[in-house]
Amino acid sequence: MDRNPVSKLLLFGATGDLAQRMLLPSLYGLHADGLLPKDLTITGAARSDYNDDSYRDFAKKALDKFLPPELKDESALGTFLPRLGYQAMDMSQPDQFKPLADKVGDVAGGLAIYLSTAPSLFEAAISGLEAVGLAGPTVRIGLEKPLGYDLASSCEINDAVAKVFPEERIFRIDHYLGKETVQNILALRFGNTFFEPIWNARGIDNVQITIAETVGLEERAGYYDGAGALRDMIANHTLQLLTLVAMEPPARYDKTAIRDEKAKVLHSLREITPEDVGRNVVSGQYGAGASGGEIVKSYTDELGKPSDTETFVAIKAYVDNWRWQGVPFYLRTGKRLAVRRSEIAIQFKPVPHSMFAGRGGMLQPNVLVIRLQPEEYIQLLVMAKQPGLDRDGVKLREVPLNLSLDQEFGGQRRRIAYERLLLDLIEGDQTLFVRRDEVEGQWRWIDAIRAGWAANGTRPKSYASGSWGPSAAIALTERDGVTWQDD
Ligand code: BG6
């Protein structure tokens, strides 16, 4: 792909949690490895009252706190901090964009904007930028989630952005797409011959996608209680993983071919109607319990008020196309669950006939496990014979064929997802960013579920912190004779 790097980066939300934990460490990491354009300047903008110097101090403290020790390097830090500048501003005030434009200066060499803000501020931000000449042909814009809270609000945001920026200059961020193992799904599927012939309803029995977290509200009550797990995690990350598993082989590794195929999957998702929602969707809210090794409060105690927001969802979904007819995709995400784990498990069909049946050998169907975190590995569970003379029958056991990315590529640093995405934004590669039709496909499907909940008066079921969610989530798969891949 043609790289077209910008010479300026403008970071809205420059003092926020995401900036401290992810964006600044990612930019520093890229800088330390010599990957940022030599002359790139980074202007932070936020409401806090900093100037260039005090923002550099702020950034230094954040890096101190959030960089892993092996990445800290005084000399790299010494050359990174001078790239930073700062403009204090309130985005809801149109007159504050002019001083920002003065601070950013000439954008002829290209400007990338990273907008991480509440959806309510998007429109103000876009028109403010346009008014002061920060939206011209040399400017591209990265949009962090949440991009709305349903289809209508997301269309409104997308329309407002589209008035000013063409789609080729809009970079919608889903940080799951920056994760190494997520991209490995593509390598696995389309870089090997042996999976593709059975990667369909004839070869695959079911697909399970789990994003389990041990954290709770994390001081994000204002956002999270209005969102809930369905919007926060399924509407974006989980559905993106689903598209990569389910899509048809793209003709090329490029932004159009890949995103065309992903969008087709989203448009093939079977709508979950109000009649189906009770059967195919389980929602939960964590109660008190023990999670991540500590005793924790219930969601409502953490929040300090009653709430019907779901912190857990499990869904049985179908992709209605030729390849996936009849194959359930079980999706599951939740906070305060038993462990932190993001994983895709592809369960293949059993062999058509077992020659071992009469000899005591029990066969398990093969499972391909793609573990995204905390570890990164790909594991194929296959049947093998236990060593021995087999005088009492053949003993077969499921054993893993392992591809440990941590071990195999041990010498290489594992990058934060945001490093790749920030670099792609700076260089102008849209492949790993979400296109408008994808976002809208995601919301359309999510909205139907929410409408079903509203029509049925569904309230989330309580589950103990530290568990795998409400028992109804287990019943969701067991009913089909399928067990969640939990260990
Ligand atoms: C964010 C959600 O998009 O993803 C958070 O808003 C969630 O609620 C986070 O905790 C999970 O990301 P990761 O990379 O830690 O799995």
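Refer to the structure above for everything that follows.
Being a predicted model, the structure only gives us computed values, none of them experimental. (Residues numbered from 1 in each chain as written. Predicted model: local features only at pLDDT ≥ 70, side-chain atom pairs only at ≥ 80, totals over all residues. Heavy atoms only, no water.)

### Focus on the site of the ligand
By nearness alone, every residue bordering the ligand is listed as K145, H175, Y176, K179, E213, R220, D232, M233, H237, K335, R340 and Q373. Between an oxygen atom of the ligand and a side-chain N or O atom of E213, the distance comes to 2.5 Å. Q373 places a polar side-chain atom, nitrogen or oxygen, 2.6 Å from an oxygen atom of the ligand. Burial of the ligand by the protein amounts to 82% of the accessible area it has alone, namely 400 Å². Looking at the shell around the ligand, the element that brings in the most residues is helix α9 (residues 229–246), giving three residues. Here the shell around the ligand is composed, by residue class, of two nonpolar, three polar and seven charged. (Near = heavy atom within 4 Å. Polar contact = N/O pair within 3.5 Å; in protein donor to acceptor, adjacent residues only side chain to side chain. Areas by Shrake-Rupley, 256 points an atom, 1.4 Å probe, with all protein chains shown as cover. Helix = DSSP H or I, 4+ residues; strand = E, 2+ residues; numbered from the N terminus. Nonpolar A, V, L, I, M, F, W, Y, C, P; charged D, E, K, R; others polar.)

### Some thoughts on the pattern of salt bridges
Pairs may arise between side chains of opposite charge once their charged atoms sit close together. As enumerated under the stated definition, the model contains 28 salt bridges in all. Note that K335 and E213 form a salt bridge whose closest N and O atoms lie 2.7 Å from each other. Placement of K335 in the loop between β11 (329–334) and β12 (341–348) and of E213 in the loop between β7 (204–212) and α8 (221–227) is noted, with a sequence separation of 122 residues between them. Here K335 matches E213 in class, with each residue buried. In this structure, D480 and K316 form a salt bridge, with 2.9 Å as the shortest nitrogen-oxygen distance. (Salt bridge = Lys/Arg side-chain N within 4 Å of Asp/Glu carboxyl O. Buried < 20%, exposed > 50% of the residue type's maximum accessible area, 1.4 Å probe, protein only.)

### Remarks on the packing of helix α5 (residues 122–131) against helix α6 (residues 151–164)
Direction vectors running N to C along α5 and α6 enclose 5 degrees, while the axes themselves pass 9 Å from each other. Viewed along their axes, α5 and α6 adopt a mutual orientation that is roughly parallel. Counted together, F122, E123, I126 and E130 of α5 and E156, I157, A160, V161 and V164 of α6 form the full contact between these two elements. By residue class, the composition of the contact of α5 with α6 is six nonpolar, no polar and three charged. (Axes fitted to C-alpha atoms, helices over the stretch in contact; angles between N-to-C directions. Parallel < 35°, antiparallel > 145°, perpendicular 65-115°, else oblique. Contact = heavy atoms within 4.5 Å.)

### Concerning the packing of aromatic side chains
Taken as a whole, this structure holds 14 aromatic pairs when the rule is applied. Measuring from centroid to centroid gives 4.7 Å for F194 and F195, while their planes differ by 50 degrees, and the two rings are tilted. Its relative accessible area of 52% is what places F194 among the exposed residues. Between W324 and F329 the ring centres are 5.2 Å apart and the planes differ by 80 degrees, which places this aromatic pair in the edge-to-face class. A relative accessible area of 0% places W324 in the buried class. Clustering of aromatic rings is evident, with ring pairs tying together Y50, Y55, F58 and Y86. The ring of W484 carries the charged tip of R332 above its face, separated from the ring centre by 4.0 Å. (Phe/Tyr/Trp six-rings, centres within 6.5 Å; stacked < 30°, edge-to-face > 60°. Lys NZ or Arg CZ within 6 Å of the ring centre and 35° of its normal.)

### Brief notes about the side chain of T309
With respect to the helices and strands, the residue T309 is situated in the loop between α12 (299–303) and β10 (312–317). Only 2.7 Å separates the side chain of T309 from the backbone oxygen of D225, close enough to count as a polar contact. Beyond its immediate chain neighbours, meaning those up to four positions away, T309 contacts Y224, D225, G228, Q285, Y299 and P460.

### As for empty space enclosed by the protein
Considering all chains together, one arrives at two cavities of 30 Å³ or more under this definition. Of the volumes computed, that of the largest cavity is approximately 70 Å³. Contributing to the lining of the largest cavity are L177, V182, Q183, L186, L244, Y253, I258, K262, T431 and L432. The set of elements that each furnish at least two residues to the lining of the largest cavity consists of α7 (180–190) and α10 (255–268). Sorting elements by how many residues they give to the lining of the largest cavity places α7 first, with three residues. Considering only residue class, the lining of the largest cavity consists of seven nonpolar, two polar and one charged. Taken as a whole, the second largest cavity spans an internal volume of roughly 50 Å³. Taken together, Q208, T210, R332, R341, E343, I344, A345, W468, Q485 and D486 form the lining of the second largest cavity. Counting residues per element, the lining of the second largest cavity draws most heavily on β12, at four residues. Residues belonging to the lining of the second largest cavity are distributed by class as follows: three nonpolar, three polar and four charged. (1 Å grid on protein atoms, 1.4 Å probe; cavity = no way out; pocket = protein on both sides within 12 Å on 5 of 7 lines; lining within 4 Å. Points joined across faces, edges and corners; volume = space filled by probe spheres on them.)

### Overview of the environment of K255
In this structure, K255 sits in helix α10. In this structure K255 comes out as partly exposed when scored by relative accessible area, which is 31%. Counting along the chain gives 33 residues from K255 to A288, while the straight-line C-alpha distance between them is 44 Å. Side chain to side chain, K255 and Q430 meet in a polar contact 3.3 Å long.

### Considering unusual backbone geometry
In this structure, the amide linkage connecting K145 to the following residue, P146, adopts the cis form with an omega of 0 degrees. In this model, Q373 is joined to P374 through a cis peptide bond whose omega is 5 degrees. Here P374 is to be found in the loop between β13 (367–373) and β14 (377–385). At E218, a position not held by glycine, the phi torsion is positive, near 55 degrees. Relative to the helices and strands, E218 resides in the loop between β7 and α8.

So yeah, pure geometry; function would need other evidence.
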